[in-house]
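# Topology and contacts: notes
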Amino acid sequence: MPLKALRGLGPSITDDLTTRQDSRAPTATKSVFLSSPGTTTPKANGVFNRAEHLIDILYEDNHCLAVSKPCGLSTQAPASNDSLEARVKDYLRERYQKKGRIYLGVPHRLDRVVSGVVLFARQTKSAQRLAQQFQERTVEKCYLAIVEGRIAPAEGEWEDWIRKIPDEARVDAFSTEREDARHALTRYRVLEQDEDCALVELLPQTGRMHQLRIQTASRGWSVLGDTLYGASPFFDAETIALHARSLSFDHPISYERMTIEAPVPATLRLNARARLR
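Read on for a plain summary of the structure. Being a predicted model, the structure only gives us computed values, none of them experimental.

## A word on the overall build of the chain
From N to C terminus, the chain includes six helices and 13 strands. Within the chain, the proportion of its 277 residues that are buried is 51%. Within the chain, contacts between residues at least 6 apart in sequence are counted, and of these 65% link residues at least 24 apart. Accessible surface for the chain amounts to roughly 13600 Å². Of this, 47% is attributable to carbon and sulfur atoms.

Here it is, written out as structure tokens:
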């Protein structure tokens, strides 16, 4: 059973809420104090609880804000639905006692079933500059995944052409260029290999819909729990073993290079271990 690979998601990698950045970059937020007693509970390490909602603040300044998104929560959703965007707006409204409309730029998103770093912009100028970086592919993205099977070779690149399936919320991949598909490139490295699964680091060079999920699945190495792409059921329907570990980008105002990291959620680690006993 794939216990060794799961240890790679354990304390040695993920126990600390870590924010790494250039020494000249703005200071990361370590704690949040809210002025609405009875509705919020302040906690250490940038974590606060608003009613039943929990948010991990990884970094914050006047221009941008990074949050650790849990599995099962949409990055954006209609106003009547819960989403990470709505929770961050609530946080900003309460922390800074703002009334009326809260501006929040969303230069990228994570799938609902994926956890990890999400970066927001707090001003329109910052939003434009961050969006440009994502479009020009200067943002470095690092993911960790547990996948089914044995990956060989242990390091390399996956190049595909990905096509959105009409009227469905999924994609398929092709090994040769097609007019109706978009080029996708990912660099990968196996960190640990067990009998029937692997812990792999994924560095996407493009940003296509479900890129990492289809590139692994099309090669016979579906992300653990990703039933949409052929994996066996493992977690609940809102969770797969894919985590956006870090983002590296140029600060939209100071232009300093920053790297923000998010810990792998404890629920993902613990549920995986429990199911494999």
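Still more to cover.
## Some points on helix H4 (residues 124–135)
Owing to its 3.6 residues per turn, the α-helix aligns residues three or four sequence positions apart on the same side. The end-to-end C-alpha distance of H4, which contains twelve residues, comes to 16 Å, matching closely the 16 Å that a straight helix rising 1.5 Å per residue would cover. For H4, the full list of buried residues reads Ser126, Ala127, Leu130, Gln133 and Phe134. Across the axial projection of H4, the buried residues extend over an arc of 125 degrees, all falling on one side. Of the exposed residues in H4, those oriented more than 90 degrees away from the buried face are Gln128 and Gln135. On its buried side, H4 packs onto strand E5 (64–69), strand E6 (115–121), strand E12 (242–250) and strand E13 (257–261). In the segment just after H4, Arg137 is the residue with positive phi, at about 60 degrees.

## Let's talk about the packing of aromatic side chains
The tally for this structure, following the rule as stated, stands at three aromatic pairs. Ring geometry for Phe234 against Phe235: centres 4.7 Å apart, planes inclined by 75 degrees, an arrangement best described as edge-to-face. When sorted by exposure, Phe234 lands in the same class as Phe235, which is buried. Linked through ring pairs, Trp158, Tyr188 and Trp221 together constitute an aromatic cluster. The cationic tip of Arg178 hangs over the ring face of Phe174; the distance from NZ or CZ to the ring centre is 3.9 Å.

## Quick word on the nonpolar core
Soluble globular proteins: nonpolar side chains tend toward being buried together. Counting residues in hydrophobic clusters, the biggest one holds 39 residues, and the most contacted among them are Leu202 and Leu242. The set of elements that each furnish at least two residues to this core consists of strand E4 (53–60), E5, helix H3 (84–95), E6, strand E7 (140–148), strand E10 (182–193), strand E11 (197–204) and E12. Ranked by residue count, the leading element in this core is E11, at five residues. Beyond its immediate stretch of four places on either side in the chain, Leu202 contacts Lys141, Cys142, Tyr143, Ala145, Trp158, Thr186, Arg187, Tyr188, Leu212 and Leu242. Membership of the second largest hydrophobic core comes to 16 residues, among which are Tyr59, Leu119, Val139 and Ile260.

Criteria and cut-off values
Residues numbered from 1 in each chain as written. Predicted model: local features only at pLDDT ≥ 70, side-chain atom pairs only at ≥ 80, totals over all residues. Heavy atoms only, no water. Helix = DSSP H or I, 4+ residues; strand = E, 2+ residues; numbered from the N terminus. Buried < 20%, exposed > 50% of the residue type's maximum accessible area, 1.4 Å probe, protein only. Contact = heavy atoms within 4.5 Å. Areas by Shrake-Rupley, 256 points an atom, 1.4 Å probe, with all protein chains shown as cover. Expected span 1.5 Å × (residues − 1). Arc of directions from axis to C-beta. Phe/Tyr/Trp six-rings, centres within 6.5 Å; stacked < 30°, edge-to-face > 60°. Lys NZ or Arg CZ within 6 Å of the ring centre and 35° of its normal. Core = buried A, V, L, I, M, F, W, Y, C linked by side-chain atoms within 4.5 Å.

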